[in-house]
Each structure stands twice: as C-alpha cells, then as structure tokens.
Amino acid sequence: MKKGEIYTGTIERLEFPDKGILFLEGEKVVIKHTLPGQNVEFMVTKKRKGKCEGRLISILFKAEYEREQPECRHSGLCGGCSYQTVPYEKQLELKEKMVRGILDGAIEGDYCFEGIKGSPLIFEYRNKMEYSFGDEVKDGPLALGMHKRGSFYDIVTVDGCRLVHPDYGKILDATLTYFKEMGGHFYKKLAHVGYLRHLLVRRGVQTGEILVDLVTTGQTEGGWEAPVSEDEFLSGWKKRLLDLSVEGRFVGILHTRNDSLADVVQDGGTEILFGQGWFYEELLGLKFKITPFSFFQTNSLGAEVLYRQVREYIGDVKGSRVFDLYSGTGTIAQILAPVAEHVTGVEIVEEAVAAARENAALNGLSNCEFIAGDVLKVLDTLTEQPDFIILDPPREGIHPKALPKILAYGVQRIVYVSCKPTSLARDLPVFQAGGYKVEKVCCVDQFANTGHVECVVLMSKVKE
C-alpha cells in the first residue's frame, strides 16, 4: 500500500477508544470512527514499519448489527458518538471485548472479569457540555456547538444533541440566535482576535438545576455590531435565556473572562449576571455543590453505578483509614466516610478541593480531609498509615514516580478506577511486580453511544 492511495476493506476489530483495525496486503491499517464488520473506503495517510493509518472516506456497507439510521441528526458531522447506529446491548458487547483484549495481556494469572454494567440512561445522560463558538466553514455564519469530526476549526451547531436533555438545545439555540442578531464575533484562534469563545452549560440530572456560563475574551471593542455597552450586550443575552420555557430551572447565569491563548475553557475571572455561581446534584443520597469549572462525573446516574461498584470492591471499611488519591470533588471519599474512621483525599485542582471540603460540610461529614496538591509530592508529607487506597487518576494514569510510594504503604486492598484502559494496562504490571494480585475487574459504561468506558479493578496484597 502507498500513502495517498485509496483502498477498500472490512474492519475486523476495535482498538480503544475509537479505532477500527483491518489487514490488507499483509499490513495493519488503523482507521478512526469505524466499527467491526463495516466495509469501508479509505485513504492511507501514514505508513511506517508495516503499520498504516487511514482516513475514512465512506462506509460502503454497514455492519449487519447496525441500525439503518442514527438517533441523532448530527451523527457523522459532530466529533462524538461513533456508536450511534449500534444497538445498546451490542455497544456493551464491543466495549467489554475491547477492554478484555487490553487487560488480558497486562494481568498475570487468573482473575475474575465481571463483565460490563450499562448506563441507566442511554440518551440525555450528560450533566455538562462545553460548546465552542466559530463558523461551520471558513468565513461562514456564526455557529455554536462541537468541533466537526476531523477538524480543529469548523463548528457544528448541535442543538439536537441526544446525549443531553432538550433544555440544552433550547439554551444553545437562544444564545446563537441572540448573538447572530447582535453581530457577535467569535474568537479566532490563530489571529487571537474576537470576543465569543465558549458556552458552558451544566444541568443536574437529578435536580434539574441549570447553570450557564458564557466565556469571552476581554476584547470588547468591535466584539459586536450593535451600539451598546458590554453590560447591555450581556444583559440582553441573560434576558433571552430567562424568557425561555425550559423543563429545568435556571439557578445561575455567569460571564467568565478568558484571554488565554490555549483553546480551553478556563477561568480568568467570573461575574454573576443572575442567581448564583453553582448548582446542586445528588448522588447516592448525598448532595453536591458544583461550580462551573469543578470536576464531576458527567453521567450522574452512571456515576451511581460506578461508585456502588467501588464501594463493593473496597469492602468493609468500618473503623478504617482510607486514602482517596486523585479525589476530584471528593465524591468517593464522601460515599465511604459514613462508615470509615477517616478518609483523606488528595487532588491537584484547588477548586475541586475547595468544593470537596464544602460538600463534606454540606453532607455533615466531619471525618474527611482534602489536601490540594500533586499526589506525587503530597504522599511525601503524609504521616498517616492507610488501611485501603482508592485510585481514580486522570486519563493518562498514575505518574510512574508515584507508583512506588503507593506500593510502599502495603495496604491489603487497592481499588483502581480508570477511564482509559490502555493507561490502566500500563500501570497494572507495576502493582503486580510490587506484590499485588488483580482479583476482579468490572467495566461501567458512563459514555453510551461513544467508544469510551470506565474500568474498576480490585487488587489485593499477596501474602508473603
């Protein structure tokens, strides 16, 4: 095969998270956004050492298990939801097989693979969306939504997204219509010029409380065409939202400045235009206060499934001391705190730690301690000896230098929660070399209709 040439073939299997694999002319070809059984047309874009990468041109024939039409009208344009045409039971089957293939090569000896647990909601499950302002094509009309598949610049207006409650579509549409009327200009990432950057929407699945945050630059001059001040400009947008007929309830409408050159949603200063700067969500009988930028599982009902699995694996913690490393807003810590003697959470994001402390107080938990800092460094300062450790690191897994420090505690049980099975597979051999055996693995689907999946692993100390 040659770079730049077009070929056809049938996808044989998946690699995490969204890569179809086929073999042609004795060479392995990786093609994103494809599914096993699909016959595809593709162009070779990279070629090295018997491995090729291809760009999908078209799906010539669907896999026999696929639905004829996806549930979402944005499918194929938006960068998410590669499994839209796959019945949910088949999605779970594909994810379970993919994870099993990754972990079997990393786990020594026998272990109990307990399958996969599905999300209680297949659609309308997300409690957070970060939309970007831009144009659908270069110099086209203003758009607001998600990046087009395979593009760093083009934006697809996803007002019909099926992963979120219909309230999101109403908020997105009202915002886009208003800024089109006012001649709002989006921030151009290469020129670093423009005003509108992102729209952050969070809605409690359990509570229905809605928090909306408009993220802009400080470049107000020429940021819109109407002869009004920025305060009037934002006030008009706020009124447009409050006039909407939504099923939930607006508790906060915010405006955040972000003049960072990086294309990420971050806080350079936030003002409250209406209400308050947080909303509440409920998990497993506990209440959590969530701010615009604090981490919280995006699938509230799926998180309950995940945390029940963690609680089952960690077992009886009555009278025990637990370390919750990479603790985020302290959800796991607070679920264990009612029966544990003491729980210590460590998290590098200071805002998340502040939220964890506030939530613990909100739930009447006085035996939780949350420390802001890098796990790698904080472990050197802790004098307490834990009985159990829970790990829920970011996608890239645990820092290699932190692993020996975790192993040095020699606790009887460790539960590792991972949203990226390839990172998990890299870390597990280190635990096994350090005297731990993988006892059980369970997958929990937090991301229906996408290729992503969470894993929960129970490890126990091998008796010497």
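Residues numbered from 1 in each chain as written. Predicted model: local features only at pLDDT ≥ 70, side-chain atom pairs only at ≥ 80, totals over all residues. Heavy atoms only, no water.

(A) The arrangement of helix H9 (residues 421–433) in detail. Relative to the 18 Å expected for 13 residues at 1.5 Å per residue, H9 spans 19 Å between its end C-alpha atoms, a close match to the ideal helical length. Burial in H9 covers these residues: Pro-421, Ser-423, Leu-424, Ala-425, Asp-427, Leu-428, Phe-431 and Gln-432. Of the surrounding elements, those touching the buried residues of H9 are helix H1 (88–104), strand E20 (388–391), helix H8 (403–407), strand E21 (413–418), strand E22 (436–444) and strand E23 (454–461). Positive phi shows up at Gly-435, right after H9, with a value of about 100 degrees. (Helix = DSSP H or I, 4+ residues; strand = E, 2+ residues; numbered from the N terminus. Expected span 1.5 Å × (residues − 1). Buried < 20%, exposed > 50% of the residue type's maximum accessible area, 1.4 Å probe, protein only. Contact = heavy atoms within 4.5 Å.)

(B) Layout of the UniProt feature "active site" (unreviewed entry) in the chain. Feature annotation in UniProt places "active site" (unreviewed entry) on Cys-419, given in this structure's numbering. Following the sequence through the fold, Cys-419 ends up in the loop between E21 and H9. In contact with Cys-419, not counting residues within four places along its chain, are Phe-16, Arg-395, Val-453 and Glu-454. (UniProt positions renumbered as here; feature names shortened; annotations may be inferred.)

(C) Representation of the nonpolar core in the model. By size, the foremost hydrophobic cluster in this structure holds 89 residues, and its most contacted members are Leu-103, Tyr-131, Leu-199, Leu-325, Leu-391 and Phe-431. No other element matches helix H2 (residues 166–182), which puts eight residues into this core. Counting 39 residues, the second largest nonpolar core, distinct from the first, contains Phe-288, Phe-296, Ala-303 and Val-343. (Core = buried A, V, L, I, M, F, W, Y, C linked by side-chain atoms within 4.5 Å.)

(D) Molecular detail of the sheet that holds strand E7 (residues 112–117). Taken together, eight strands build an open sheet; the order of strands is E7-E22-E23-E21-E20-E17-E18-E19 and the sheet is mixed. Looking at the sheet topology across the chains shown, the edges are occupied by E7 and strand E19 (368–372). Geometrically, the sheet is characterised by an average inter-axis angle of 15 degrees between neighbouring strands, direction not taken into account. Two elements, E20 and E21, share four bridges in a ladder whose sense is parallel. Bridge pairing links Leu-391 to Tyr-416 in E21. On top of the sheet, H9 reaches E20, E21, E22 and E23; it is set at about 160 degrees to E21, its chief contact. (Pairing = 2+ DSSP bridges. Axes fitted to C-alpha atoms, helices over the stretch in contact; angles between N-to-C directions.)

(E) Region of the structure containing the pairing of strand E3 (residues 19–24). Pairing of strand E2 (residues 13–15) with E3 involves three bridges; the strand directions are antiparallel. Counterpart to Arg-13 in the pairing with E3 is Ile-21. Linking E2 to E3, which pair antiparallel, is a turn of three residues. Examined bridge by bridge, E3 and strand E4 (residues 27–32) share six bridges and lie antiparallel to one another. Bridging from a neighbouring strand, Ile-21 pairs with Val-30 of E4.

(F) Structural detail: a positive patch on the surface. Among the surface-exposed residues, Lys-3, Lys-19, Lys-32, Lys-46, Arg-48, Lys-49 and Lys-51 lie close enough to one another that they form a single positively charged patch. Within the secondary structure, Lys-19 is located in strand E3. (Patch = residues over 30% accessible without salt bridge, like charges linked within 9 Å, V, L, I, M, F, W, Y side chains within 5 Å. Areas by Shrake-Rupley, 256 points an atom, 1.4 Å probe, with all protein chains shown as cover. Salt bridge = Lys/Arg side-chain N within 4 Å of Asp/Glu carboxyl O. Lys, Arg positive; Asp, Glu negative; His and termini not counted. Charge placed at Lys NZ, Arg CZ, Asp CG, Glu CD.)

(G) Structural context of H1. For H1, spanning 17 residues, the distance from its first C-alpha to its last is 24 Å, which sits close to the expected 24 Å at 1.5 Å a residue. Residues Tyr-88, Gln-91, Leu-92, Leu-94, Lys-95, Met-98, Val-99, Ile-102 and Leu-103 constitute the buried set of H1. Taken down its axis, H1 places every buried residue within 165 degrees of arc, on the same side. Facing away from the buried surface of H1 by more than 90 degrees, the exposed residues are Glu-89, Lys-97 and Gly-101. Among the structural elements, E2, E7, H9, E22 and E23 are those in contact with the buried residues of H1. (Arc of directions from axis to C-beta.)

(H) Seen up close, the packing of H1 against H9. Look at H1 against H9: their axes get within 9 Å of each other, and the N-to-C directions meet at 20 degrees. Relative to H9, the element H1 is oriented roughly parallel. For the pair H1 and H9, the sense of crossing is right-handed. Here Val-99, Ile-102 and Leu-103 of H1 lie close against H9, whose contacting residues are Pro-421, Thr-422, Leu-424, Ala-425 and Leu-428. In terms of residue class, the contact of H1 with H9 is built from seven nonpolar, one polar and no charged. (Parallel < 35°, antiparallel > 145°, perpendicular 65-115°, else oblique. Left-handed = near helix turned anticlockwise from the far one by under 90°. Nonpolar A, V, L, I, M, F, W, Y, C, P; charged D, E, K, R; others polar.)

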